Amino acid sequence: MRRAIELAEKGRYKTAPNPCVGAVLVHKDTIIAEGYHMEYGKAHAEVECLANAVKKGIFFQKIKNRSLSFSNPYLQEQVLQFQHIEYEKEINVEECSLYVTLEPCNHFGKTPPCSQAIFEAGIKTVYVGCSDLNANASGGADFLRSKGVNVVTGVCHDECLELIEDFIVWQKEKRSFCILKMACTLDGKIGPASGHSHSVSGSESKKVTMKMRKNMALSHSAVMVGGNTFFEDNPKLTVRDMQTERQPRAFIVSKRLPPLSGGKTGYFCLDQKKDTVFFTDMKNPELVKQYAEHGILLECIETSENKSLNLKKIFELAYQKYYSPYVFSEGGAKLAQSLLKEGLVDVLIVYIAPYVLGDDTAKNVFSGNFVQTMQEAYKFKIFKTERIGSDLHVYLKMEKTCSQG
């Protein structure tokens, strides 16, 4: 199952809004075929695994005097193409077990049911990591059991569940999965009080950021910044210095809007991109029209009791209206703090640079909160660290507050 999990990770971002899924076919404790869901709209992991077995000639032995035939067009195509292949040794498919990280789907979507393909292959034992949360697709385990297949669920359950944490957010909360990236010095500062615009993190960290932006582009997702970062830094929010077929969307969260002058704003991510959404509280139809003509969408968002923009609504719109499975937020400090407060940060990535400013007036990496005790602090769990160039990258997930135990 852990090999299946490794395979599943290869499809990260490209499968969205589908979950990452991996599968392996095992015969007498030896993996003989494997596959994973490579991209949204393409074959699921179980079908890719069966196709891999077909290409090796594993299934081309009579199974209880019947010939191999699949109702799945893709699999049947593989059968016709590779039926002359002979596997290196004789294998009884009924002695094989299929390991899959997520319950096989049991519905006709962009592809036929995986459960039907598994049954047609003649596999008699299936090990499942976790159940499918999608009510429209679930039921594969029950279908296989009704056909006499032995199905064991809960294998490496927690790891398999963690693998689809983004899918869980999409299914349960109907919002974009939030990845918040911040960079700071050893004393938690993002820059000097003077506003001197020198990047805190090193060149290798920038490459990681570009890779993440490319992942956003692959999944048709967005890069987000707050108003202060937008106006002070004038970021491009694009993929640079590496090949990419498309650019990520740009989401700007700000009550303040830049004026249009001759069809230009003077800001890179607005003047160079044609897929930008400005989340604001301004209700001006004429302004909306002007920005739309420039290729910029204005989305009017209601404000909360403290007069800040409703971030939960923004993330719901990002997913439901703009079809952005992920949002990669790059700050600034106030937006980052607000995302924490609203419980919207699913993964926090902090680039820690080997500098100390030692200046109480310097800008903090998080800003806008007031606490009196540690019980009010936001608590995180570190799940990964890595050294990138001169920086340390720390990957975290939010836990309960200290006061909650």
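Up top you'll find the structure we're talking about.
What this report covers is the structure whose coordinates are included nearby. (Residues numbered from 1 in each chain as written. Predicted model: local features only at pLDDT ≥ 70, side-chain atom pairs only at ≥ 80, totals over all residues. Heavy atoms only, no water.)

## A short note on the packing of helix H2 (residues 45–55) against helix H3 (residues 73–82)
Thinking step 1. Viewed as axis vectors pointing N to C, H2 and H3 meet at an angle of 10°, and their least axial separation amounts to 9 Å. Taken together, the axis directions place H2 and H3 in an arrangement best described as roughly parallel. Of the residues in H3, those touching H2 at Val 47, Glu 48, Leu 50, Ala 51, Val 54 and Lys 55 are Tyr 74, Leu 75, Gln 78, Val 79 and Phe 82. (Axes fitted to C-alpha atoms, helices over the stretch in contact; angles between N-to-C directions. Helix = DSSP H or I, 4+ residues; strand = E, 2+ residues; numbered from the N terminus. Parallel < 35°, antiparallel > 145°, perpendicular 65-115°, else oblique. Contact = heavy atoms within 4.5 Å.)

## So, the packing of H2 against helix H4 (residues 114–121)
Thinking step 1. Where H2 contacts H4, the axes come no closer than 9 Å and their chain directions differ by 30°. Taken as axis vectors, H2 and H4 run roughly parallel relative to one another. For the pair H2 and H4, the sense of crossing is left-handed. Taken together, the residues of H4 that come into contact with H2 (itself represented by Glu 46, Val 47 and Leu 50) are Cys 114, Ala 117, Ile 118 and Ala 121.
Thinking step 2. Within the contact of H2 with H4, the residues separate by chemical class into six nonpolar, no polar and one charged. (Left-handed = near helix turned anticlockwise from the far one by under 90°. Nonpolar A, V, L, I, M, F, W, Y, C, P; charged D, E, K, R; others polar.)

## Here we look at the pattern of salt bridges
Thinking step 1. Here the structure, examined in full by the defined rule, presents 19 salt bridges.
Thinking step 2. Across the pair Glu 173 and Arg 175 runs a salt bridge whose closest N-O atoms are separated by 2.8 Å.
Thinking step 3. For Glu 173, a relative accessible area of 42% gives the class partly exposed.
Thinking step 4. Across the pair Lys 363 and Glu 232 runs a salt bridge, and its minimum N-O distance is 3.2 Å. Of this pair, Lys 363 sits in strand S14 (residues 363–364) while Glu 232 sits in helix H9 (residues 227–233), and the two are 131 residues apart along the sequence.
Thinking step 5. The exposure class assigned to Glu 232 is exposed, which follows from its relative accessible area of 54%.
Thinking step 6. Linked through salt bridges whose partners overlap, the residues forming this network are Arg 3, Glu 6 and Glu 34. (Salt bridge = Lys/Arg side-chain N within 4 Å of Asp/Glu carboxyl O. Buried < 20%, exposed > 50% of the residue type's maximum accessible area, 1.4 Å probe, protein only.)

## Details of the sheet that holds strand S5 (residues 150–153)
To summarise the sheet geometry, strands pair through backbone hydrogen bonds and adopt either a parallel or an antiparallel arrangement.
Thinking step 1. On the basis of which strands lie adjacent, the open sheet formed by five strands has the order S2-S1-S3-S4-S5 and mixed pairing. For this open sheet the edge positions go to strand S2 (30–36) and S5, each flanked by a neighbour on one side alone. Across the sheet, the mean angle separating the axes of adjacent strands is 20° when strand polarity is ignored.
Thinking step 2. In this structure, strand S3 (residues 96–102) lies alongside strand S4 (residues 125–130), joined through five bridges in parallel fashion. Across the sheet, residue Val 100 finds its bridge partner in S4, namely Val 128.
Thinking step 3. Of the strands in this sheet, strand S1 (22–27), S2 and S3 are in contact with helix H1 (residues 2–9), which crosses S1 at around 145°. (Pairing = 2+ DSSP bridges.)

## What about the environment of Gly 368?
Thinking step 1. Mapped onto the fold, Gly 368 is located in the loop between S14 and strand S15 (380–388).
Thinking step 2. Residues Gly 368 and Gln 337 lie 31 residues apart in sequence; the distance between their C-alpha atoms is 6.4 Å.

## Describing the sheet that holds strand S16 (residues 391–398)
Thinking step 1. The mixed open sheet is built from nine strands, whose spatial order is S11-S10-S9-S8-S12-S6-S13-S16-S15. Edge positions in the sheet fall to strand S11 (296–300) and S15, since each of these pairs with one other strand and no more. Within this sheet the neighbouring strands show an average axis-to-axis angle of 20°, counted without direction.
Thinking step 2. As paired elements, strand S8 (residues 222–226) and strand S12 (residues 326–329) share three bridges and run parallel to each other. Opposite Val 223, over in S12, you have Phe 328 as the bridge partner.
Thinking step 3. Sitting on the sheet, helix H7 (residues 165–172) is in contact with strand S6 (177–184), S12, strand S13 (347–352) and S16, with an inclination near 125° to S6.

## Quick look at the environment of Ile 382
Thinking step 1. Counting through the fold element by element, Ile 382 comes out in strand S15.
Thinking step 2. Between the C-alpha atom of Ile 382 and that of Met 398, which follows or precedes it by 16 residues, the distance is 9.0 Å.
Thinking step 3. Those residues in contact with Ile 382 that sit more than four places away from it in its chain are Val 394, Tyr 395 and Leu 396.

## Thoughts on the nonpolar core
Thinking step 1. Residues Leu 25, Phe 59, Ile 123, Val 126, Ile 179 and Phe 230 are the most contacted members of the largest nonpolar core, which totals 89 residues.
Thinking step 2. In terms of residue count, H2 provides more of this core than any other element does, seven residues in total.
Thinking step 3. Residues within four places of Phe 230 in sequence aside, it is in contact with Val 225, Pro 235, Ile 252, Pro 258, Tyr 267, Cys 269, Leu 270 and Phe 278. (Core = buried A, V, L, I, M, F, W, Y, C linked by side-chain atoms within 4.5 Å.)

## A closer look at the pairing of S16
Thinking step 1. Among the eight residues in S16, six count as buried, and that is most of the element.
Thinking step 2. In terms of strand pairing, S13 meets S16 through five bridges, oriented antiparallel. Bridge pairing in S16 places Ile 349 opposite Tyr 395.
Thinking step 3. Counting the residues that bridge the hairpin from S15 to S16 gives two residues, and of these Gly 389 lies at a positive phi of roughly 60°.

## Some thoughts on the packing of aromatic side chains
Thinking step 1. Taken as a whole, this structure holds 14 aromatic pairs when the rule is applied.
Thinking step 2. Consider the rings of Trp 170 and Tyr 326, whose centres lie 5.4 Å apart with planes at 80°: the pair is edge-to-face. Of this pair, Trp 170 sits in helix H7 while Tyr 326 is found in strand S12, placing the two residues 156 residues apart along the sequence.
Thinking step 3. Between Phe 251 and Tyr 322, the aromatic rings sit 6.2 Å apart at their centres with planes inclined by 65°, giving edge-to-face as the arrangement. In this pair, Phe 251 sits in strand S9 (residues 249–253) while Tyr 322 sits in the loop between helix H12 (311–320) and S12, placing the two residues 71 residues apart along the sequence.
Thinking step 4. The buried category is assigned to Phe 251, whose relative accessible area is 0%.
Thinking step 5. Over the ring of Phe 268 we find Lys 236, and its NZ or CZ is 5.1 Å from the ring centre.
Thinking step 6. Over the ring of Phe 231 we find Arg 256; its NZ or CZ atom is 3.8 Å from the centre of that ring. (Phe/Tyr/Trp six-rings, centres within 6.5 Å; stacked < 30°, edge-to-face > 60°. Lys NZ or Arg CZ within 6 Å of the ring centre and 35° of its normal.)

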